[in-house]
Amino acid sequence: MIVPAEYTTIDVLSDGRFLLTCYENQASSFYYADASRTVTPIQTPVKGTYFGMAGDDCFFIGVYAKRPLTAAVQQPAEQYDIPTLVLLDENMKVIRDDIDGACGAVSTPHFTNGLMPIQTGSTLWIGSRKGAIGNGTYGLIDKTGQFVGRHDFDGLSWADSRYIGKRGTALYQLDGKGGEIQLPANASQESSWAKAELEVAREHDISLSFYYPRLNITRVDFCRLAVKLYQKVQPNASAAPAAAFSDCENESVCLAAALGIVTGYDDGTFRPYQSITRQEAVLIPLSHPSRKPLCAVLTPLCPIPHPPVKVRKKAARKTGRLAFWRNYLSCTRSRIESVTESCTLCAE
């Protein structure tokens, strides 16, 4: 489809339609376009400036108003045009109309794993006209606009495939269901026992960068690590195929599935942001020894029957690959442990 050049933005919705906007007279006009080139004007419930897509076919309209802006808390504030963000769905229904906007080149929030971090309640914006954020608090909302868990964080971000909140100097991992766990003070530090292995992993480019390397590794990040190792073994690997799971389109996950490294669950999901357990990570090389060395760091991520566990655990210990099992099969595996295992296999 060819869209006339007079439109300011063009976005594709999940149903194949196009969302078009045209900015004029300090406001955006909205249109739908379909494959037959039919363009239909849209009446939005609020007037303002289009701020972009928010994921899951939702988008933002910014409504500007004079708000207090200061370079520092103790300094006098000037009144400056700063937007409040209104979140709408593809049917033009307002989901929330109280999201704090920012001043200058600051990105808008986005749905990730069905949740979005937002700031509300700001009474003062601190910074400059080129970049300032409000003094409100942060929380996660779902697709209905309702808060999930507490919304009293000083900051909230998607880091290392999970949401991390901050209150003062304390950090919290949010489970997306309203629960939270305070992180240890050294969560951002690498373990001293793994220093040599991490250096070798970086040298061979089989490591990943994490803000919090002591946290458990998620399944999507484990696939990223697995694919990096696979590409060392098979440098001419083909491009990733189409998505294999209903809840994940990550390229590394798709390639890992195509290679038979991961299989997901019977309901067609992969649950990419769940942590991987030590049991899941260690059993596949003993089931498929012909895949060595690649398979030793990869896992099918599917339910494993208990009877063969003792035998495989004994074999894994005998080969020296169970150094961090610690007798807890259901314990999750840290990022450092996964990277050091990759390093050991690379050396073999």
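Keep in mind the model is a prediction, meaning the values are calculated, not measured.

Rules of the game
Residues numbered from 1 in each chain as written. Predicted model: local features only at pLDDT ≥ 70, side-chain atom pairs only at ≥ 80, totals over all residues. Heavy atoms only, no water. Helix = DSSP H or I, 4+ residues; strand = E, 2+ residues; numbered from the N terminus. Buried < 20%, exposed > 50% of the residue type's maximum accessible area, 1.4 Å probe, protein only. Contact = heavy atoms within 4.5 Å. Areas by Shrake-Rupley, 256 points an atom, 1.4 Å probe, with all protein chains shown as cover. Pairing = 2+ DSSP bridges. Axes fitted to C-alpha atoms, helices over the stretch in contact; angles between N-to-C directions. Left-handed = near helix turned anticlockwise from the far one by under 90°. Nonpolar A, V, L, I, M, F, W, Y, C, P; charged D, E, K, R; others polar. Salt bridge = Lys/Arg side-chain N within 4 Å of Asp/Glu carboxyl O. Disulfide = S-S within 2.5 Å. Core = buried A, V, L, I, M, F, W, Y, C linked by side-chain atoms within 4.5 Å. Phe/Tyr/Trp six-rings, centres within 6.5 Å; stacked < 30°, edge-to-face > 60°. Lys NZ or Arg CZ within 6 Å of the ring centre and 35° of its normal.

Caption draft 1: Just the overall build of the protein, in detail. Helix and strand counts for the protein come out as 6 helices and 17 strands. Per-residue burial over the protein gives 46% buried out of 348 residues. Nonlocal contacts in the protein, meaning residues at least 24 apart in sequence, comprise 51% of its contacts between residues at least 6 apart. Split by element, the accessible area of the protein, about 18000 Å² in all, is 50% carbon and sulfur.

Caption draft 2: Representation of the pairing of strand 3 (residues 27–33) within the structure. Here strand 3 lies mainly inside the structure; 5 of its 7 residues are buried. With 4 bridges joining them, strand 3 and strand 4 (residues 39–42) adopt antiparallel strand pairing. Within strand 4, the residue paired with Tyr 31 across the bridge is Pro 41. Connecting strand 3 to the next strand, strand 4, in antiparallel fashion are 5 residues, including Arg 37 with a positive phi near 70°.

Caption draft 3: Quick look at the sheet that holds strand 17 (residues 180–182). Taken in spatial order, the 4 strands of this open sheet run 14-15-16-17, and their pairing is antiparallel. Every interior strand has two partners, whereas the edge strands, strand 14 (155–159) and strand 17, have only one. Recorded for the sheet is a direction-independent mean angle of 30° between the axes of neighbouring strands. The pairing of strand 14 with strand 15 (residues 162–167) spans 5 bridges and is antiparallel. Residue Trp 158 lies in a different strand from strand 15, and its bridge partner there is Tyr 163.

Caption draft 4: Layout of the packing of helix 2 (residues 219–233) against helix 3 (residues 251–258). Remark: helix 2 packs on helix 3, axes separated minimally by 8 Å, with the N-to-C direction vectors making an angle of 65°. Note that helix 2 runs across helix 3; the crossing there is left-handed. Contacts from Val 220, Cys 223, Arg 224, Val 227 and Gln 231 in helix 2 reach Ser 252, Val 253, Leu 255 and Ala 256 in helix 3. Its residues assigned to classes, the contact of helix 2 with helix 3 comprises 6 nonpolar, 2 polar and 1 charged.

Caption draft 5: Region of interest: the pattern of salt bridges. This model, assessed by the stated rule, comprises 12 salt bridges. Residue Asp 56 is joined to Lys 143 by a salt bridge in which the shortest nitrogen-to-oxygen separation is 3.4 Å. Here Lys 143 lies in the loop between strand 13 (137–141) and strand 14 and Asp 56 lies in the loop between strand 5 (49–55) and strand 6 (58–70), a separation of 87 residues in the sequence. Here the residues in one salt-bridge network are Arg 150, Asp 152, Arg 167 and Glu 180, joined through shared partners.

Caption draft 6: The state of the cysteines, seen in detail. Evaluated as defined, the whole model comprises 0 disulfides. No disulfide involves Cys 223; its nearest neighbouring cysteine sulfur is the one of Cys 248, lying 7.6 Å away. By relative accessible area, Cys 223 is classed as buried at 1%.

Caption draft 7: Geometry of the pairing of strand 11 (residues 125–128). In this sheet, strand 11 lies alongside strand 6 in parallel orientation, the contact comprising 2 bridges. Opposite Leu 69, over in strand 11, you have Trp 125 as the bridge partner. Summarising the sheet, strand 11 and strand 12 (residues 131–134) pair through 4 bridges and their orientation is antiparallel. In the sheet register, Trp 125 faces strand 12, and the bridge partner there is Gly 134.

Caption draft 8: Representation of the nonpolar core in the model. Counting residues in hydrophobic clusters, the biggest one holds 12 residues: Val 220, Cys 223, Val 227, Phe 245, Cys 248, Val 253, Leu 255, Ala 256, Ala 257, Ile 261, Val 262 and Phe 270. Ranked by residues supplied to this core, first place goes to helix 3 with 4 residues. The contacts of Phe 245, once residues within four sequence positions are left out, are Val 253, Ala 257, Val 262, Thr 263, Gly 264, Gly 268, Thr 269 and Phe 270.

Caption draft 9: Just the sheet that holds strand 2 (residues 18–24), in detail. Read from one edge of the open sheet, 4 strands run 1-2-3-4, paired in antiparallel fashion. Unpaired on one side and paired on the other, strand 1 (9–12) and strand 4 mark the two borders of the sheet. Put simply, the sheet's adjacent strands are angled 30° from each other on average, direction ignored. Bridging between strand 1 and strand 2 involves 4 bridges; their strand directions are antiparallel.

Caption draft 10: Up close: the packing of aromatic side chains. A complete count under the given rule lists 10 aromatic pairs for this structure. Measuring from centroid to centroid gives 6.1 Å for Tyr 50 and Phe 59, while their planes differ by 50°, and the two rings are tilted. Neither Tyr 50 nor Phe 59 differs from the other in exposure class; each is buried. Here the aromatic rings of Trp 158 and Tyr 273 are separated by 4.9 Å at their centres, their planes lie at 90°, and the arrangement is edge-to-face. Taken together, the positions of Trp 158 in strand 14 and Tyr 273 in the loop between helix 3 and helix 4 (278–287) put the pair 115 residues apart, joining distant regions of the chain. Take Tyr 273: its relative accessible area is 32%, and that puts it in the partly exposed class. These aromatic residues form a ring-pair network of at least three members: Phe 30, Tyr 50 and Phe 59. The ring of Tyr 265 carries Arg 271 above its face, with NZ or CZ at 3.7 Å from the centroid.

Note that all results are geometric; they support no functional claim without further evidence.
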